[in-house]
Amino acid sequence: MVAISIGAMLGSGLFVLPGMASALTGPSVWIAYIVAGAMVLPAALSKAELATAMPTSGGTYVYIDRAFGPLVGTIAGLALWLSLLLKSAFALVGFGSYLSAEIGDTLPLLPTSLVLLGLVVALNVAGVHKIGKIQLGVVGIALSGLIVLSLWGARSFDHAKLEPAFTGGTMGFAQAVAFVYIAFAGVTKVGAIAEEVKDPGRTLPRGILLSLGLVTIVYGAVVLCLVGNVPEPELAGDLRPIYTLALSVSGPVVASLVALLAVLTMTSMATSGVLAASRFPFAMARDDLLPPQFRHISERFGTPTFAIVATGLTMAAVLATMDIASIAKLASSAMIAAFIAVNAAVIVLRESDARWYRPSYRAPFYPWVQGFGVIGGVGLLVATGWLAGLALVVMVGAGLLLYFAYGRKRTDRRGVLGRLGPRRELLQDFEDVLPSDAAAVVALTGRERSAETLVEVGAALAEGGRVEVLHLSDVPEQIGMGTVLDDDGGVRALERRLLSFGRKHQWNVEFDAVATRDVVETIHRATVTVGCRWLVMPWRESSVLGITSVNPLGWLINNLTSNLALLRDAGVREICEILVIPQPGPHDVLVASTAERLGAVHEARIVFARFVHDDATGLQIQSEVDYLEQVSVLCDRDHRTIVLRGKNEVAAIVAASVQYDLLVLGASGDRHMKHILWPPVEERVMREASCSALVLRRPRKLVHDALRTSSAERRNEGHTLVEMISPELLEARLEVKDKAELFRALAEHLARASDSEPKVIEKALREREETQNTAVGNGVALPHATLQGATQTYLGIFTVAEPLDYNAPDGGRVDVLFATLGPPSDRNHHLRVLAAIAHRIHETDLLARVRCAESREALQAAVEACDGDSGPRPSSD
């Protein structure tokens, strides 16, 4: 395996590149080789990890495609194809240079290279299987010869020739590092044979590291010997530097042998390089990103003839139109870009927590190694200059054109990253779905501590309704769907166990095992089909970078049609004491009612708690006590309330959790970049709590539905909407351009009504919006702020002149806003206000009237008119 890797690297990168790289940086070129080897190391380690997780043909292209999706896969496939064919073309030019050293310059370089290219393509089409063994033999002889030559040259080594070392300065040295980067391109070739290696988790990384270390030492030693024997002016730009070295230290006979060895080495490299390059269009065609001709296998020769010929023709065009320096720069640039993507692919796959991604080897020092590879690669691309930038723009443009013109309509793959991003195609009108308050879906992913515990939670939340258990097997693209669940005794045993568990407790439990390539879509469609009110899943700790945390559903988490419960199972099997931590916001009602339900099922005692800092004033403490009393009213079971004191909220809650069996709290909302460094409170509590913990989230759609239900229950309480509105908080046609400007305008209006500071209100509005987007669909948003010093709840109705992008759940823009401001202790009144709004929206034509209003007076008239209509909205027929 080490021989394969060394054989893929040793060639034109040493026989040709040193002279050209010396022209950039001078005698320090030997250091440039060592630095380039270190820059390649992160990609080598990353590819070793990827190869053990996806041992399939296609190599680097497959890894990038599966991580980022077919669009990036198309661009990467083209880049990889170009890098290898450019390297092979470079080897052919080197072949001509060394050949001319023996027979003179009478043989034209370009025609000679093209003739040799024709022979190489013919050999690949014919499928000469012995070439690989011959190549290893040639490379072994070449490696031995180079070591002997270096030792021989050490006798005449002149240290004076090493000065000045960095003739090109820092930028010249960086350019030289980028220039010789392509010399290490074959280090990851062993990844292609990962499925043939015994114990790849140990063998692959050892082979890659050993081969990279040996080649780096050989490169450094030979090039150091070269610069110590050949004067820098003579070496700079030399296309046959090893011949020059041999001639200088050993005479013409040895130089002739070196030239012959170089010709054989680079010929074998070009031959294997054409075949290796042709594998990328072959793999892309197999994935329907290129026409099917590229995956055609010749019946006569058993080789991908069309892909090989296309590769050869492209190489001929490169040889005919580009100089050798440009070929080398482009080859290195394409390889650097591909290796950046390889490092990024590991980050994406680990952070996404793709369930099928289970490499037997994991690169050490994650994510620092991959981060170094990405940042270092970007730096090398910058150092390469405008030609590299232009080449990358052309490659990206060609990839985009190819994908949108051909591949997009032929593939439905999304890649791991795409499945966690926006999924607009999953959103649709669910008005025809009849949700059942007594149904729950329990999603099992294979990482839960106890499936029975999750089913028990699901049954409690379903309140006697049906519990649908989904066992999900995440299947990567390279594995057939039918092979996953066939003869899976573990799944059948789990089904038997859970169904027996349900019968024992007289729960209506059903089990379904599903193999899927898209877990998010499968869960979403299952919850919609069942029409459930709850989705129950295991919680998992934050990934290393904190990109994925208590959010296993990606973007869809804000657009679920059901409540979400994530359980961290600490192994507690008898729940007698439940600690409830409500938070003012969209989830506190859900937290209180769920705690009541769980308490009833387990006959457990319930304690509601809030944290206050040791330095809190008496007013702040009383405000928290009042809030607890109002929220706990939603729980009909016996309960008590307590205030947790301390210097740190997380530490206080974790310390209190020692006395309880289950902790129930609400989610903080969407994740933001700041959460990578500062995880939200509930995540830290979930991670550190001594007991089991359940975090709850109610999606925007159900928040609105809950208010609508509440309004029906309260419609006879005698409260009219106009009584709740402060007169100065009616404003039509606000001139605002975006959400930030809107919040500033709302804060100014609310400040005038409440005698508060606008900046304080604006900050509170933003913080609430970070918890959960307040758009509820149909062009309506319900922004609100909670202030400790507020004396009552204020309501205002506003419209905007131009609808705003508000990230609404239905994808539409917002033009009507019902804004509220109040203290946390006035939660019940706040709920009555929102319920009254929901009732008027759904059962009157309030929205139509408000949108037509051109003034404050017209808005008030619209509200008064709808207050008088408590019946259903008239039919439009």
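Residues numbered from 1 in each chain as written. Predicted model: local features only at pLDDT ≥ 70, side-chain atom pairs only at ≥ 80, totals over all residues. Heavy atoms only, no water.

1. Comments concerning the overall build of the chain
A count of helical and extended segments in the chain gives 33 helices and 16 strands. Across the 877 residues that make up the chain, the buried fraction comes to 58%. Accessible surface for the chain amounts to roughly 35,900 Å². Of this, 58% is attributable to carbon and sulfur atoms. (Helix = DSSP H or I, 4+ residues; strand = E, 2+ residues; numbered from the N terminus. Buried < 20%, exposed > 50% of the residue type's maximum accessible area, 1.4 Å probe, protein only. Areas by Shrake-Rupley, 256 points an atom, 1.4 Å probe, with all protein chains shown as cover.)

2. With respect to the packing of aromatic side chains
Tallied over the full model, the rule gives eight aromatic pairs. Ring centres of tyrosine 33 and tyrosine 219 lie 5.4 Å apart, and the angle between their planes is 65°; on these two criteria the pair is classed as edge-to-face. With tyrosine 33 in helix α4 (residues 29–53) and tyrosine 219 in helix α10 (residues 200–229), this pair connects stretches of sequence that are 186 residues apart. Taken as a pair, tyrosine 33 and tyrosine 219 share a single burial class, namely buried. Judged by centre distance (5.4 Å) and plane angle (75°), the rings of phenylalanine 501 and tryptophan 507 are edge-to-face. Given the relative accessible area of 18%, phenylalanine 501 is considered buried. Given the relative accessible area of 22%, tryptophan 507 is considered partly exposed. Over the aromatic face of tryptophan 152 sits the side chain of arginine 155, whose NZ or CZ is 3.7 Å from the ring centroid. Over the ring of tyrosine 406 we find arginine 410; its NZ or CZ atom is 3.8 Å from the centre of that ring. (Phe/Tyr/Trp six-rings, centres within 6.5 Å; stacked < 30°, edge-to-face > 60°. Lys NZ or Arg CZ within 6 Å of the ring centre and 35° of its normal.)

3. Describing the packing of helix α29 (residues 739–754) against helix α30 (residues 758–771)
Where α29 contacts α30, the two axes come as close as 8 Å, and the packing angle between them is 130°. Taken as axis vectors, α29 and α30 run oblique relative to one another. Two packed elements cross with a definite hand, and for α29 against α30 that hand is right-handed. In this structure, α29 contributes Lys739, Ala740, Phe743, Arg744, Leu746, Ala747, Glu748, Leu750, Ala751 and Ser754 to the contact, and α30 contributes Pro758, Ile761, Glu762, Leu765, Arg766 and Glu769. (Axes fitted to C-alpha atoms, helices over the stretch in contact; angles between N-to-C directions. Parallel < 35°, antiparallel > 145°, perpendicular 65-115°, else oblique. Left-handed = near helix turned anticlockwise from the far one by under 90°. Contact = heavy atoms within 4.5 Å.)

4. Topic: the packing of helix α19 (residues 451–462) against helix α20 (residues 489–504)
The description of two helices packed together rests on the angle between their axes and the distance between the axes. Their axes nearest at 10 Å, the elements α19 and α20 cross at an angle of 40°. The pairing of α19 with α20 is recorded here as oblique in orientation. You can see that α19 and α20 cross each other, and the crossing is right-handed. Together, Ala451, Glu452, Val455 and Glu456 of α19 and Leu494, Arg497, Leu498 and Phe501 of α20 make up the contact between the two elements. In the contact of α19 with α20, the residues fall into five nonpolar, no polar and three charged. (Nonpolar A, V, L, I, M, F, W, Y, C, P; charged D, E, K, R; others polar.)

5. Comments concerning the nonpolar core
Within the largest apolar cluster, 115 residues are counted, with the highest numbers of intra-cluster contacts made by Tyr33, Tyr98, Phe184, Tyr219 and Ile242. Of all the elements, helix α13 (residues 252–286) adds the most residues to this core, at 15 residues. Here phenylalanine 184 is in contact with Met9, Tyr33, Ala36, Gly37, Val40, Leu212, Val215, Thr216 and Tyr219, once residues within four sequence places are set aside. Residues Val467, Val509, Phe511 and Ala592 belong to the second largest nonpolar core, which totals 42 residues. (Core = buried A, V, L, I, M, F, W, Y, C linked by side-chain atoms within 4.5 Å.)

6. Remarks on the pattern of salt bridges
Scanning the entire structure with this criterion turns up 21 salt bridges. For glutamate 577, the salt bridge identified is with arginine 605, shortest N-O distance 2.3 Å. Here the residue glutamate 577 occupies a position in strand β6 (residues 577–581), and arginine 605 occupies one in strand β7 (residues 605–613), the gap between them amounting to 28 residues. Residues glutamate 731 and arginine 856 are paired through a salt bridge, measuring 3.1 Å at the closest nitrogen-oxygen approach. (Salt bridge = Lys/Arg side-chain N within 4 Å of Asp/Glu carboxyl O.)

7. Concerning unusual backbone geometry
At the junction of glutamate 163 and proline 164, the peptide bond is cis and its omega measures out at -10° in the coordinates. In this structure, proline 164 sits in the loop between α8 (131–153) and α9 (169–180). Following tyrosine 366, the chain continues into proline 367 via a peptide bond in cis, with omega recorded as 0°. Even without glycine at this site, phenylalanine 365 takes up a positive phi of about 55°. Of note, phenylalanine 365 is situated in the loop between α15 (324–352) and α16 (368–384).

8. Observations regarding the confidence of the model for the chain
Per-chain confidence: the chain averages 82 in pLDDT, with 85% of residues scoring 70 or above. With pLDDT under 50 throughout, residues 546–550 is counted as low confidence; its partners more than four residues away or in other chains account for 21 contacts. Across residues 870–877 the pLDDT falls below 50, and counting only partners more than four positions away or on other chains, this stretch makes 10 contacts in the model. (pLDDT = per-residue confidence, 0-100.)

9. Looking at the sheet that holds β7
Sheet strands pair via backbone hydrogen bonds, and the direction of the pair is either parallel or antiparallel. Taken together, the 10 strands give an open sheet; going across it, the order is β3-β2-β1-β4-β5-β10-β9-β6-β7-β8, and neighbouring strands pair in mixed fashion. Strands at the two margins of the open sheet, each flanked by one partner only, are β3 (509–516) and β8 (639–646). Neighbour to neighbour, the strand axes of the sheet diverge by 25° on average, direction disregarded. When strand β9 (residues 662–666) meets strand β10 (residues 692–697), the two strands line up parallel, connected through five bridges. Bridged to glycine 666 within β10 is leucine 696. Sheet strands touched by helix α21 (residues 519–530): β1 (440–444), β2 (467–474), β3 and β4 (534–538). Its angle to β2, the strand with the most contacts, is close to 165°. (Pairing = 2+ DSSP bridges.)

10. Focus on α30
Look at α30: 20 Å from first C-alpha to last across 14 residues, which is about the 20 Å you get at 1.5 Å a residue. Of all the positions in α30, only Ile761, Glu762, Ala764, Leu765, Arg768, Glu769 and Thr771 are classed as buried. Considering only its buried residues, α30 is in contact with β10, α29, β14 (784–786) and β16 (814–822). (Expected span 1.5 Å × (residues − 1).)

11. Things to note about the environment of leucine 235
For leucine 235, the location among the structural elements is in helix α11 (residues 232–235). Leucine 235 sits in the buried class, given a relative accessible area of 1%. Separated by 10 residues in sequence, leucine 235 and leucine 245 have C-alpha atoms that sit 9.2 Å apart. Excluding anything up to four places from it in sequence, leucine 235 contacts Gly19, Ser22, Leu226, Val227, Val230 and Pro241.

12. Quick notes on a nonpolar patch on the surface
Residues Trp386, Leu390 and Val394 make up a contiguous nonpolar surface patch of roughly 370 Å² in combined accessible area. Locating leucine 390 in the fold gives a position in helix α17 (residues 386–407). (Patch = residues over 30% accessible without salt bridge, like charges linked within 9 Å, V, L, I, M, F, W, Y side chains within 5 Å.)

13. So, helix α26 (residues 681–688)
For an α-helix the count is 3.6 residues per turn, leaving residues at separations of three or four pointing the same way. Taken residue by residue, α26 has Glu682, Glu683, Val685 and Met686 as its buried positions. Seen from one end, α26 has its buried residues packed into an arc of 165°, which puts them on one side. Along its buried surface, α26 packs onto β5 (563–568), α24 (649–657), β9 and β10. (Arc of directions from axis to C-beta.)

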